[in-house]
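Examining the three-dimensional arrangement
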Amino acid sequence: MTTLLPLCELFADVAAARFPDFLVFSNADANREWTGTPTVEFVETDATTETFLDGRFQQTRKLTCACRAQTQADAVALAASLRSKIADFCVELERDARIASWTLDDLGTLPDERGFVVGETFYGFVDFTVLTPISDYV
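Below or above, wherever it landed, is the structure these notes cover.

What counts, and at which threshold
- Residues numbered from 1 in each chain as written.
- Predicted model: local features only at pLDDT ≥ 70, side-chain atom pairs only at ≥ 80, totals over all residues.
- Heavy atoms only, no water.
- Salt bridge = Lys/Arg side-chain N within 4 Å of Asp/Glu carboxyl O.
- Buried < 20%, exposed > 50% of the residue type's maximum accessible area, 1.4 Å probe, protein only.
- Helix = DSSP H or I, 4+ residues; strand = E, 2+ residues; numbered from the N terminus.
- Pairing = 2+ DSSP bridges.
- Expected span 1.5 Å × (residues − 1).
- Contact = heavy atoms within 4.5 Å.
- Core = buried A, V, L, I, M, F, W, Y, C linked by side-chain atoms within 4.5 Å.

**Some words on the pattern of salt bridges**
- All told, the structure shown has five salt bridges when counted by the stated rule.
- Of the charged contacts, one joins glutamate 41 and arginine 32 as a salt bridge, the two residues approaching to 2.3 Å between their closest N and O atoms.
- Taking relative accessible area as the criterion, glutamate 41 reaches 12% and is therefore assigned buried.
- Note that aspartate 96 is salt-bridged to arginine 95, the shortest N-O span being 3.4 Å.
- Using a relative accessible area of 46% as the deciding quantity, one classes aspartate 96 as partly exposed.
- Residue class for arginine 95 comes out exposed when judged on its relative accessible area of 61%.

Laid out in structure tokens, this is it:
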């Protein structure tokens, strides 16, 4: 019997260890106060389940890693660095058979919007997809 991986928590733990000067969260919260410290947030944006005739299943889970920084250049650099760390960690998870496969889907930056202020800070994002191993229903 296999349990579902708490992917956001796993990625947040890795990011916190590899970026000790940043605030890292396993959830995205638009109301989180900006303190000037670069932040990294993970959120699962979609999950689909394929169920097989024998009762086993496999999930395709889409995640986003969002990071906020003071300038667009900082957000670009942080997102690119996070993309590399996410890829490294996905390779480790796949090697350890904790995930079946993964893809890096998108990378970019956008100005932050808070109330009437646009561009006061910037956020970078990395969209990625994880395919879980085939599992028994728990």
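**Re the pairing of strand β3 (residues 57-69)**
- The buried fraction of β3 amounts to 11 of the 13 residues, a majority that puts the element mostly inside the structure.
- Two elements, strand β2 (residues 39-51) and β3, share 12 bridges in a ladder whose sense is antiparallel. Each bridged residue has a counterpart across the sheet, and for glutamate 50 the counterpart in β3 is glutamine 58.
- Between β2 and β3, which follow one another and run antiparallel, lie five residues, and glycine 55 among them has a positive phi close to 95 degrees.

**Quick word on unusual backbone geometry**
- A positive phi is found at alanine 97, a non-glycine position, where the angle reads about 60 degrees.
- Structurally, alanine 97 is set in the loop between α2 (72-95) and β4 (101-114).
- Residue classification places alanine 97 among the exposed positions, given a relative accessible area of 56%.

**Things to note about α2**
- Taking 1.5 Å per residue, 24 residues should reach 34 Å; α2 reaches 34 Å between its end C-alpha atoms and fits that length.
- Those residues of α2 that fall on the buried side of the exposure criterion are Ala75, Leu78, Ala79, Leu82, Ile86, Ala87, Phe89, Cys90 and Leu93.

**A closer look at the side chain of threonine 39**
- One can find threonine 39 in strand β2.
- Exposure remark for threonine 39: the relative accessible area of 9% places this residue in the buried category.
- Setting aside residues no more than four positions away along its own chain, threonine 39 makes contact with Leu23, Phe25, Trp34, Ala66, Cys67, Arg68 and Leu78.

**Some details on the nonpolar core**
- Ranked by size, the top nonpolar core spans 26 residues in total, and within it Phe11, Val40, Phe42, Cys65, Ile86 and Phe128 carry the most contacts.
- If you list the elements that add at least two residues to this core, you get α1 (7-18), β2, β3, α2 and β5 (117-131).
- Among residues more than four places away in sequence, those in contact with phenylalanine 128 are Phe11, Phe42, Arg61, Lys62, Leu63, Thr64, Cys65, Ile86, Thr103, Leu104 and Asp105.

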